[in-house]
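Coordinates in review
Below, each chain spelled out in residue letters.
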Amino acid sequence: MSLDLDPVHRQMALATYRGPLDSDYHGNERMERKPSGKRRVFVQTETGCVLGMDLDRSDNAHTVKRRLQVALNVPIEESSLMCGDMVLKNDLSVVRNDSSLLLTRNFLHRSSSTPCLSPTGRDLQQRDQSGPIEILGCSNQSARIKHLVKDIAKAIQSGIDAIPVCSGLGGAYYFRNCLGENVAIVKPTDEEPYAPNNPKGFVGKTLGQPGLKRTVRVGETGFREVAAYLLDHDHFANVPSTALVKITHSVFNVNDGVSGYMHQNGKQVSKIASLQQYIPHDFDASDHGTSSFPVAAVHRIGILDIRILNTDRHAGNLLVRKLDGVGRFGQVELVPIDHGLSLPESLEDPYFEWIHWPQASIPFSEDELQYIDHLDPFWDSEMLRMELPMIREACLRVLVLCTIFLKEAAAFGLCLAEIGEMMSREFRGHEEEPSELELICMEVRTLLEEREISTSEVKGRGKDKWQFDIDCDEEVSELISNREEKLSVETTFNFGPKGRSGQNLLYKLDESVEEEATADTEGDELPRGDEHAGLVQDKNINVSKLSMSMKNITVGEKSWRHPGASQKCGYWVGTSSGNRSVNEQLPVSSSFVKLADMSEEEWVQFLENFQRLLYPAFANHKSGSAGQRQRQRLGTSCQF
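Residues numbered from 1 in each chain as written. Predicted model: local features only at pLDDT ≥ 70, side-chain atom pairs only at ≥ 80, totals over all residues. Heavy atoms only, no water.

Overview of the overall build of the chain
Cut-off, in case you're wondering: Strands are runs of DSSP state E lasting at least two residues, helices are runs of H or I lasting at least four, and both sets are numbered from the N terminus onward. Only protein chains enter the accessibility calculation, which uses a 1.4 Å probe; a residue is then buried when its area is under 20% of its type maximum, exposed when over 50%, and partly exposed in between. Note on areas: Shrake-Rupley with a 1.4 Å probe; residue coverage comes only from the protein chains shown.
Secondary structure summary: the chain contains 14 helices and 16 strands in total. A burial count over the chain gives 59% of its 640 residues as buried. With the model as given, the accessible surface of the chain reaches about 26200 Å², and the carbon-plus-sulfur share is 50%.

Here it is as structure tokens:
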């Protein structure tokens, strides 16, 4: 099977990226539909305050900011209004109904002063008139979600209290129906680990900054939960119904010193949160032997995890339900939850609990292969872009790449465990090495760099455009053929588990510019433990077998060790006092491959070359998998 990019898919691939990240938005390239008339939007500040408001044609970013300032008494000087990657200015036509926006402070100016304003009558009318709960974003929510929201709203109005969840790192709450039964679990975005109103002491950053995982920003796990549900076509993996909501309740946490909540009605606090259907269960996978888990259930959850590059599929977020009935003795059902650390902004080290389960080594069934074959990552990206306009384009690139990898690997005949192994990094000593998937991507990036060099050389020789295109195509074809041949016959640069000798020269990339900017802010960045700059020494590897450009990639010393690694659930529950860095509890991952820094045309070329290098890599993995030792991996279970 091949995913050769026909003209339609090529255009959809181009649509997966619409300009550099964090750039000002000009025009209506990303969102096809132009809303008309009034639209309901929800604007959130960096500290988690939320205001629902109606927009009309005359509104712009300034009027939205002023309403926030009057209603919530928050500073708006030197601030930006964001919708995902886009900085919104005068034209708000791209903002659709039920969208979630974020007001961020510019890092160069951090004045905390707020001028005294006397609200006008129109300003008072613009204050939040929301109901207790409203659905954001998705326009095609299921009847089950809508019914669930109605039940919760009735229970709130009837005085049925929500129940805080004590486990995990972030704030979470069980919401009940009028009968007092748990029907949903709600996770406010401003109560995530690192977020300003985290109730368990893990604070220190504002919404939009790098969070628990550097490739997943604070306040952005909620829409990833919804994305996983939307991507679970036909309820294939059994993800519970999930929606992004604005919900108002007195149970939510607000830490001391967090501004913007003094104008709420009494103790009622409005928050943007993910809402997921509560699934009654008997235990989770950590409390039950895995031998009774159905093969099909493990495969289906694994297929979803690969597509979304789940970095936190630990046993605690696999619920287990015993099935009752005649002939069902001992049978169970698996329910995957907690997908907030999926769809990172660049390739990460995934964590697949199922990778060593025996079920994962059983070949895919015909039904599973048919499901995989029908997956269309470009359609999925467009669907998420329309349903969750706040999703970042870098996340969509990861989705496209991982889905293509899954489709090609399944067609080649790899089982779930083999695919997971190729995507997972290995730890040798105290060093983290790139996965086989990342090595392929690095080799493709090298191809693009060598093509660019060849292009410059041909232009320098003054050839006409026709001859130039022919020369470039011939040189690129020759480069790819050389890579395919090398992947097929070389052992020095083998992608398989036996041939890792070449990886010590493949260094991690520098962190993103945005992370560097956030590190310079006053008091926002917490200590990261033993993270230092340095160089990895050459281990007498045969460099001639590697691409010459690999020698110039810089490296930072690996920083996966952490003093609190042995503590999984020993976190204090309390107020904002005793706050500490989450980095003391969890490792910092290296970033070997980035996808968002490529232009549109480079991204399409990357995908085309990526597919051509996959089959030789699969063959190498197959040939090297016999008798392989258990891979040394570092669990980074977050459980929140």
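Next comes the rest of the description.
Some remarks on the side chain of Glu46
The line we're drawing: The contact rule is simple, with two residues in contact once any of their heavy atoms fall within 4.5 Å.
Among the secondary structure elements, Glu46 is positioned in the loop between strand S1 (39-45) and strand S2 (50-55). Exposure remark for Glu46: the relative accessible area of 7% places this residue in the buried category. The contacts of Glu46, once residues within four sequence positions are left out, are Leu102, Leu103, Thr104, Arg105, Pro196, Thr206 and Leu207.

Digging into the packing of aromatic side chains
Rule in force here: Centres within 6.5 Å are what make two rings of Phe, Tyr or Trp a pair, Trp counting through its six-membered ring; a difference in plane orientation under 30 degrees is then read as stacked, over 60 as edge-to-face, and the rest as tilted.
Scanning the entire structure with this criterion turns up twelve aromatic pairs. An angle of 80 degrees between the planes, with centres 5.2 Å apart, marks the rings of Tyr173 and Phe252 as edge-to-face. Note that Tyr173 is positioned in strand S8 (residues 173-176) and Phe252 in the loop between strand S10 (242-249) and strand S11 (269-277), a separation of 79 residues in sequence. Neither Tyr173 nor Phe252 differs from the other in exposure class; each is buried. Taking the centre distance of 5.5 Å and the plane angle of 80 degrees together, the rings of Tyr174 and Tyr278 count as edge-to-face. Pair noted here: Tyr174 is in strand S8 and Tyr278 is in the loop between S11 and strand S12 (283-284), with a separation of 104 residues, a long-range link. Looking at Tyr174, the relative accessible area reads 23%, which means it is partly exposed. By relative accessible area, which is 22% here, Tyr278 ends up partly exposed. Joined through ring pairs, the aromatic side chains of Phe405, Phe412, Tyr615 and Phe618 make up one cluster.

Brief notes about the confidence of the model for the chain
Condition: The pLDDT value expresses, per residue, how confident the predictor is, ranging between 0 and 100.
In the predicted model, the chain carries a mean pLDDT of 74, and 65% of its residues have values of at least 70. Element-level pLDDT for the chain is lowest in helix H3 (residues 121-125), with a mean of 43, against a maximum mean of 98 in helix H6 (residues 295-308). Within the model, the stretch residues 107-126 combines pLDDT values under 50 with 30 contacts to residues more than four positions away or in other chains.

Looking at the pairing of strand S9 (residues 182-188)
Residues in a regular strand point their side chains to alternate faces of the sheet. Formally: Strand pairing is assigned whenever DSSP identifies at least 2 bridges connecting the two strands.
Along S9, six of the seven residues are buried, which leaves the element largely enclosed by surrounding structure. Pairing between S8 and S9: four bridges, direction antiparallel. Considered in S9, the bridge of Phe175 is made with Ala184. Note: S9 against S11, five bridges, orientation antiparallel. Looking at the pairing, Lys187 lines up with Ser274 of S11.

Digging into the pattern of salt bridges
Here is the rule: We count a salt bridge whenever a side-chain nitrogen from Lys or Arg sits within 4 Å of a carboxyl oxygen from Asp or Glu.
Applying the stated criterion to the full structure yields 22 salt bridges. Measuring nitrogen to oxygen at the nearest pair gives 2.6 Å for the salt bridge that ties Arg67 to Asp59. Grouping residues by exposure puts Arg67 and Asp59 together as buried. For the salt bridge of Glu191 with Lys271, the shortest nitrogen-to-oxygen distance reads 2.8 Å. On the criterion of sequence distance, the pair formed by Glu191 in the loop between S9 and helix H5 (221-231) and Lys271 in strand S11 is long-range, its members being 80 residues apart. We classify Lys271 as buried; its relative accessible area is 0%. Via salt bridges that share partners, Arg217, Glu220, Arg224, Glu345 and Arg392 belong to a single interconnected network.

Quick look at the sheet that holds strand S13 (residues 318-322)
Within the open sheet, the three strands sit side by side as S12-S13-S14. Their pairing is antiparallel. Looking at the sheet topology across the chains shown, the edges are occupied by S12 and strand S14 (332-336). Where S12 and S13 come together, two bridges link them in antiparallel fashion. Looking at the pairing, Phe283 lines up with Val320 of S13.

A look at helix H7 (residues 366-374)
Our working rule: The reported arc concerns the directions from the helix axis to the C-beta atoms and nothing else.
Considered for burial, the residues of H7 that qualify are Glu368, Tyr371 and Ile372. Along H7, the residues classed as buried sweep out an arc of 95 degrees about the axis, all on the same side. Within H7, the exposed residues directed more than 90 degrees away from the buried face are Glu366, Asp367 and His374.

Examining the nonpolar core
Put simply, the test is: Among buried residues, those of type Ala, Val, Leu, Ile, Met, Phe, Trp, Tyr and Cys that are joined through side-chain atoms within 4.5 Å constitute a nonpolar core.
Counting 61 residues, the largest nonpolar core has Trp354, Phe405, Ile419, Met423, Phe606 and Phe610 as the members making the most contacts within it. At the level of secondary structure, the elements contributing two or more residues to this core comprise H6, S13, S14, H7, helix H9 (393-412), helix H10 (416-423), helix H11 (436-460) and helix H14 (600-624). Tallying contributions element by element places H9 first for this core, with nine residues. For Ile419, the contacting residues outside a window of four places in its chain are Ile306, Phe364, Phe405, Leu406, Ala409, Ala410 and Leu414. In terms of nonpolar packing, the next biggest core, distinct from the first, is built from 25 residues, Val226, Ala228, Ala237 and Ile391 among them.

A short note on the side chain of Arg425
To keep it simple, the criterion reads: A 3.5 Å cut-off defines polar contacts: any pair of N or O atoms within that distance qualifies, except that in protein one atom must be a possible hydrogen donor and the other a possible acceptor, and neighbouring residues in sequence count only when both atoms are side-chain atoms.
Looking at the secondary structure, you find Arg425 in the loop between H10 and strand S15 (426-428). Judged by its relative accessible area of 0%, Arg425 falls in the buried class. There is a polar contact of 3.5 Å between the side chain of Arg425 and the backbone oxygen of Leu347. Separated by 3.2 Å, the side chains of Arg425 and Glu432 make a polar contact.

Description of the pairing of S2
The buried count for S2 comes to five of six residues, which makes it a mostly enclosed element. Relative to S2, S1 is paired through six bridges, and the arrangement is antiparallel. Pairing of Val43 across the sheet is with Leu51, part of S2. Hairpin connection of S1 to S2: four residues between the antiparallel strands, including Gly48 at a positive phi of 105 degrees.

What about H10?
Extensive coverage of H10 is indicated by the burial of eight of its eight residues. Among the residues of H10, those classed as buried are Leu416, Ala417, Glu418, Ile419, Gly420, Glu421, Met422 and Met423.

Examining the sheet that holds S8
Going by this rule: Between N-to-C directions, angles span 0 to 180 degrees; the directions come from axes that are lines fitted to C-alpha atoms, helices contributing only their stretch in contact.
On the basis of which strands lie adjacent, the open sheet formed by six strands has the order S6-S10-S11-S9-S8-S7 and antiparallel pairing. Each edge of the open sheet is held by one strand with a lone partner, namely strand S6 (133-136) and strand S7 (163-164). Those strands touched by H5 are S9, S10 and S11, and its axis lies near 145 degrees from that of S10.

Description of the environment of Val444
Positionally, Val444 belongs in helix H11. For Val444, a relative accessible area of 0% corresponds to the buried category. Taking C-alpha positions, Val444 is 9.6 Å from Gln611, a pair spaced 167 residues apart along the chain.

Focus on the packing of H6 against H9
Worth spelling out the cut-off: Angular relationships are summarised with four words: roughly parallel below 35 degrees, roughly antiparallel beyond 145, roughly perpendicular across 65 to 115, and oblique for the angles in between. Under the scheme applied here, ten amino acids are nonpolar (Ala, Val, Leu, Ile, Met, Phe, Trp, Tyr, Cys and Pro), four are charged (Asp, Glu, Lys and Arg), and all others, including Gly, are polar.
Two numbers describe how H6 lies on H9: the axes approach to 7 Å, and their chain directions differ by 135 degrees. Classified by the interaxial angle, the pair formed by H6 and H9 is oblique. Across the interface between the two elements, Ile303, Ile306 and Arg307 of H6 pack against Val398, Leu399, Cys402, Thr403 and Leu406 of H9. Broken down by class, the residue content of the contact of H6 with H9 amounts to six nonpolar, one polar and one charged.

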